[in-house]
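Fold and geometry: a report
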Amino acid sequence: MIHAPEPWWLPALLALSLFGDALLSIRPPQFIRQCLDGVGFPRDWWWTLIAIKLAATAGLLVGLKYPGVGFATAVGVIAYFLSAAYAHYRARFLGYEFWINCLGMLALSVAAALPYVT
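Residues numbered from 1 in each chain as written. Predicted model: local features only at pLDDT ≥ 70, side-chain atom pairs only at ≥ 80, totals over all residues. Heavy atoms only, no water.

Focus: the packing of helix α4 (residues 67-91) against helix α5 (residues 96-117)
Put simply, α4 and α5 touch, their axes get as near as 9 Å, and they point 160° apart. Between α4 and α5, the interaxial angle falls into the category roughly antiparallel. Considering only the axes of α4 and α5, their crossing is left-handed. Taken together, the residues of α5 that come into contact with α4 (itself represented by P67, G70, F71, A74, V77, I78, F81, L82, A84, A85 and H88) are E97, F98, C102, L103, M105, L106, S109, V110, A113, Y116 and V117. Looking at the contact of α4 with α5 residue by residue, the classes come out as 18 nonpolar, three polar and one charged. (Axes fitted to C-alpha atoms, helices over the stretch in contact; angles between N-to-C directions. Helix = DSSP H or I, 4+ residues; strand = E, 2+ residues; numbered from the N terminus. Parallel < 35°, antiparallel > 145°, perpendicular 65-115°, else oblique. Left-handed = near helix turned anticlockwise from the far one by under 90°. Contact = heavy atoms within 4.5 Å. Nonpolar A, V, L, I, M, F, W, Y, C, P; charged D, E, K, R; others polar.)

Below, the structure is given as C-alpha cells:
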C-alpha cells in the first residue's frame, strides 16, 4: 500500500509555489528580471527555469501518491535553491531577493522534504 506523506500539504504548498513562479516567469515582472539579471543568469536561458519549475511541480504532485518520486523531487528542488543561493552569493547580489525569495524557498523546500524522511 502506498501512503501519502504526512503532512501532505507541505509538498503541495511547494508545488503550488513553484507552479505560480513558473507562470510568473513566462512574462517575468520586474522583481524577477532584476533577480535573474542581478545574479548574471543569461536571458537566453530563462526559459529553462520555467521548465525546471514545471517539472518539479509535476514531480511533487506525483510524489503525493508515490513517495519516492516526491522525495527525489524535493531533494532536486533543494539542490536548485542551494545553487540559486550560491549564485546570489557569488554575484554579491544579497538584497531582499536573496533573503526572502531564495532562502525562503530553500526553507520551504527543506520543509517539504521532511515528511518523506519521517
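Notes on the nonpolar core
Within the largest apolar cluster, 14 residues are counted, with the highest numbers of intra-cluster contacts made by L14, L18, L60, V77, F81 and M105. Of all the secondary structure elements, the ones that give two or more residues to this core are α1 (9-26), α3 (46-62), α4 and α5. Ranked by the residues each element gives to this core, the list is headed by α5, at five residues. (Core = buried A, V, L, I, M, F, W, Y, C linked by side-chain atoms within 4.5 Å. Buried < 20%, exposed > 50% of the residue type's maximum accessible area, 1.4 Å probe, protein only.)

Describing the side chain of T57
Here T57 lies in helix α3. For T57, the contacting residues outside a window of four places in its chain are A15, L18 and F19.

Considerations on the pattern of salt bridges
Here the structure, examined in full by the defined rule, presents two salt bridges. Residues K53 and D21 are paired through a salt bridge, measuring 2.9 Å at the closest nitrogen-oxygen approach. One end of the pair, K53, is in helix α3; the other, D21, is in helix α1, and 32 residues separate them in sequence. For the salt bridge of D37 with R43, the shortest nitrogen-to-oxygen distance reads 2.6 Å. (Salt bridge = Lys/Arg side-chain N within 4 Å of Asp/Glu carboxyl O.)

Looking at helix α2 (residues 30-38)
Those residues of α2 not exposed but buried are I32, C35 and L36. The arc enclosing the buried residues of α2, seen along the axis, measures out at 90°, which places them on a common side. Those residues of α2 hidden inside the fold are in contact with α1, α3, α4 and α5. (Arc of directions from axis to C-beta.)

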